[in-house]
Amino acid sequence: MSRPANQLVRAEKEEIARAIRTLLGRPLVSAHDDPAAFDLIRKRRGPLVQWFDYFCGWRLIVEPRQGYARLVKAGPPGPRSATRPARRRRTTRAPFDRRRYTLLCLCAAELLTSPVTTIGMLGRRVAQAAAVEPGVPAFDPVRNEERAAFVDALKLLEHYGAVTAMDGDTETYLGDEDAKVLYRVDTTRVIRLLAAPVPPSRVAAADGPGVLDELTTEPRYGGDEPTGIQRALWARHSLIRRLLDEPAVYHDELTPAQRAYAGSLTGRRMLRRAAEEAGFVLEERAEGFLLVDPDAIATDTRFPDDGSHAKVAALLLLDLLATAGPVTAGRLDAEAARLLRRFPQWARAYQSDGGGPRLAADALEVLTQFGLARRSGDQVAALPAAARYRVGRAVQEES
């Protein structure tokens, strides 16, 4: 093969790898928000669809005319999924609570009825839907906290491009129930937001945990009676999904089938191939696996990161966990309080009564999210990946 041909092949592989990591970091990519990323995904659509289906069993939908690409990351939630909630788009960036998730679902359902609406009309329809839906608290826009939750749901839908404010600003509704905001609705994109193999209309369970099980069941893996091929396919897909979604994957967190696949020659070869084609560096250790993105494209959040007090505290507390072995939650609280006393002008949101335990709790949440620590009862222990951040002793070389 000639040198120009080699260069073209290499450039194509690099573009596909970058597009894969872009979609992993942002499963919904819009031409309006990031035209360069969307154009790359549109250009390499065929290989991308094949890669996600073969290695993960995930469906990639690219809509060139409507200007978005959606990676449908189906499947049951992983052990650390709860640490990645939807977050409010306003300044606090606080996670969604149950009320906001409820209003998000109600808004999405009501937006499907019309391509154009106003915030007032949508609020009234949501109130009517909540009033007749069993188990859903009534929506009362007169209350400030209700309007705030409603705005947070709408701002998230705006962020995903499901609705666009054509006239007015959504946040004006916070202070005025009669605010005038006109929206254009992308009903197709609203539908695409739901990443579930089974449509809700086909779910038989009316309520309870059975609903989630039915929504996330993937028929291609054979259900309760899979064949040998289906079991092998599920082992591959579920393991690679974990590697792509989790900061670190430990052997003791895997199912027996996943451990067997990871330990086989075929499994190791498949993991290395998936990592190479996506542009990751695969780290294999006795305790598990870790995928490293050299360009940090595939991650939705970073660590270390000095932009968050909780992440700074997490890094400082991690050294204690890595050197002192398992410690009690009380000791972490005391260490966090000591940090606040030592730096009185830092982390002012925590510089009050009970600030130490709150900072320790938020820092521990960060460490759990990144697979660096685990709490069992009152004991908190560092996990093997924490060794990457251990503070080493400085050594001065003699001349």
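No experiment lies behind these values; they were computed from the predicted model shown. (Residues numbered from 1 in each chain as written. Predicted model: local features only at pLDDT ≥ 70, side-chain atom pairs only at ≥ 80, totals over all residues. Heavy atoms only, no water.)

J.: Tell me what's going on with the overall build of the protein chain, and back it up with residues and numbers.
T.: Assigned secondary structure in the protein chain consists of 14 helices and 12 strands. Judged by the C-alpha coordinates and their principal axes, the protein chain covers about 75 × 65 × 50 Å. For the protein chain, buried positions account for 40% of its 399 residues. Counting only contacts in the protein chain whose residues sit at least 6 apart along the sequence, the fraction spanning at least 24 positions is 57%. (Helix = DSSP H or I, 4+ residues; strand = E, 2+ residues; numbered from the N terminus. Buried < 20%, exposed > 50% of the residue type's maximum accessible area, 1.4 Å probe, protein only. Contact = heavy atoms within 4.5 Å.)

J.: Before we move on, can you summarise the pattern of salt bridges with the specific residues and values?
T.: Enumeration over the complete set of coordinates arrives at 31 salt bridges. The partner of Lys73 in a salt bridge is Asp245, and the shortest N-O contact between them spans 2.7 Å. Here Asp245 lies in helix α9 (residues 228–245) and Lys73 lies in the loop between β3 (68–72) and α4 (98–111), a separation of 172 residues in the sequence. The exposure class of Asp245 is partly exposed, given its relative accessible area of 27%. Salt bridges sharing partners connect three or more residues here, namely Arg88, Arg90, Asp97, Arg100 and Asp152. (Salt bridge = Lys/Arg side-chain N within 4 Å of Asp/Glu carboxyl O.)

J.: If you had to explain the sheet that holds strand β4 (residues 116–118) to someone new, which residues and values would you point to?
T.: In spatial order, the strands read β4-β6-β5; together these three strands make up an open sheet with antiparallel pairing. Edge positions in the sheet fall to β4 and β5 (163–167), since each has one partner strand and no second. Going across the sheet, the axis of each strand differs from the next one's by a mean of 35°, ignoring polarity. The pairing of β5 with strand β6 (residues 182–185) spans four bridges and is antiparallel. Looking across to β6, one finds that Asp167 is bridged to Leu182. Contacts from helix α5 (residues 119–132) reach β4 and β6 within the one sheet, and its direction differs from that of β4 by about 85°. (Pairing = 2+ DSSP bridges. Axes fitted to C-alpha atoms, helices over the stretch in contact; angles between N-to-C directions.)

J.: Describe the pairing of strand β9 (residues 288–292), naming the residues involved and giving the relevant values.
T.: Burial within β9 is extensive, with four of its five residues counted as buried. Sheet topology note: the strand β7 (residues 249–250)/β9 ladder contains two bridges and is antiparallel. Residue Val249 lies in a different strand from β9, and its bridge partner there is Phe289. Bridge count for strand β8 (residues 281–284) against β9 is four bridges, and the pairing is antiparallel. Among the inter-strand pairings, Glu284 is bridged to a residue of β9, identified as Phe289. A loop of three residues connects β8 with β9, the two strands running antiparallel in sequence.

J.: Quick one: what's the story with the packing of aromatic side chains, residue by residue and with numbers?
T.: In total, this model carries eight aromatic pairs according to the counting rule given. Ring geometry for Phe303 against Phe370: centres 5.5 Å apart, planes inclined by 35°, an arrangement best described as tilted. With Phe303 in the loop between β9 and α12 (309–324) and Phe370 in the loop between α14 (355–369) and β11 (373–376), the pair connects residues that are 67 residues apart, well separated along the chain. Take Phe370: its relative accessible area is 11%, and that puts it in the buried class. Each member of the aromatic cluster is reached from another via a ring pair, and the members are Trp51, Phe52, Tyr54 and Phe55. Taking the ring centre of Tyr54 as reference, the NZ or CZ of Arg236 above it sits at 4.4 Å. (Phe/Tyr/Trp six-rings, centres within 6.5 Å; stacked < 30°, edge-to-face > 60°. Lys NZ or Arg CZ within 6 Å of the ring centre and 35° of its normal.)

J.: Can you break down the sheet that holds strand β2 (residues 59–63) residue by residue, with the values?
T.: The pairing of strands in a sheet happens through backbone hydrogen bonds and is either parallel or antiparallel. With respect to topology, three strands assemble into an open sheet ordered β1-β3-β2, the strand pairing being antiparallel. Edge strands, defined here as strands with exactly one partner in the open sheet, are β1 (28–30) and β2. Looking at each pair of strands side by side, their axes are set apart by 5° on average, direction ignored. Note: β2 against β3, five bridges, orientation antiparallel.

J.: Provide a residue-level description of the side chain of Asp293, including the pertinent values.
T.: Of note, Asp293 is situated in the loop between β9 and α12. From its side chain, Asp293 meets the backbone nitrogen of Ile297 in a polar contact 2.5 Å long. The residues touching Asp293, leaving out its near neighbours within four places in the chain, are Arg21, Phe280 and Ala298. (Polar contact = N/O pair within 3.5 Å; in protein donor to acceptor, adjacent residues only side chain to side chain.)

J.: I'd like a description of the environment of Tyr173, backed by residues and values.
T.: Within the element layout of this structure, Tyr173 appears in the loop between β5 and β6. For the pair Tyr173 and Leu254, spaced 81 residues apart in sequence, the C-alpha to C-alpha distance is 47 Å.

J.: Go over the packing of α4 against α5, please, and point to the residues and values.
T.: Running from N to C, α4 and α5 point in directions that differ by 110°, and their axes come no closer than 9 Å. In terms of their interaxial angle, α4 and α5 are classed as roughly perpendicular. α4 and α5 meet at a crossing whose hand is right-handed. The residues of α5 that touch α4, namely those facing Leu103, Leu106, Cys107, Glu110 and Leu111, are Leu122, Arg125, Val126, Ala129 and Ala130. (Parallel < 35°, antiparallel > 145°, perpendicular 65-115°, else oblique. Left-handed = near helix turned anticlockwise from the far one by under 90°.)

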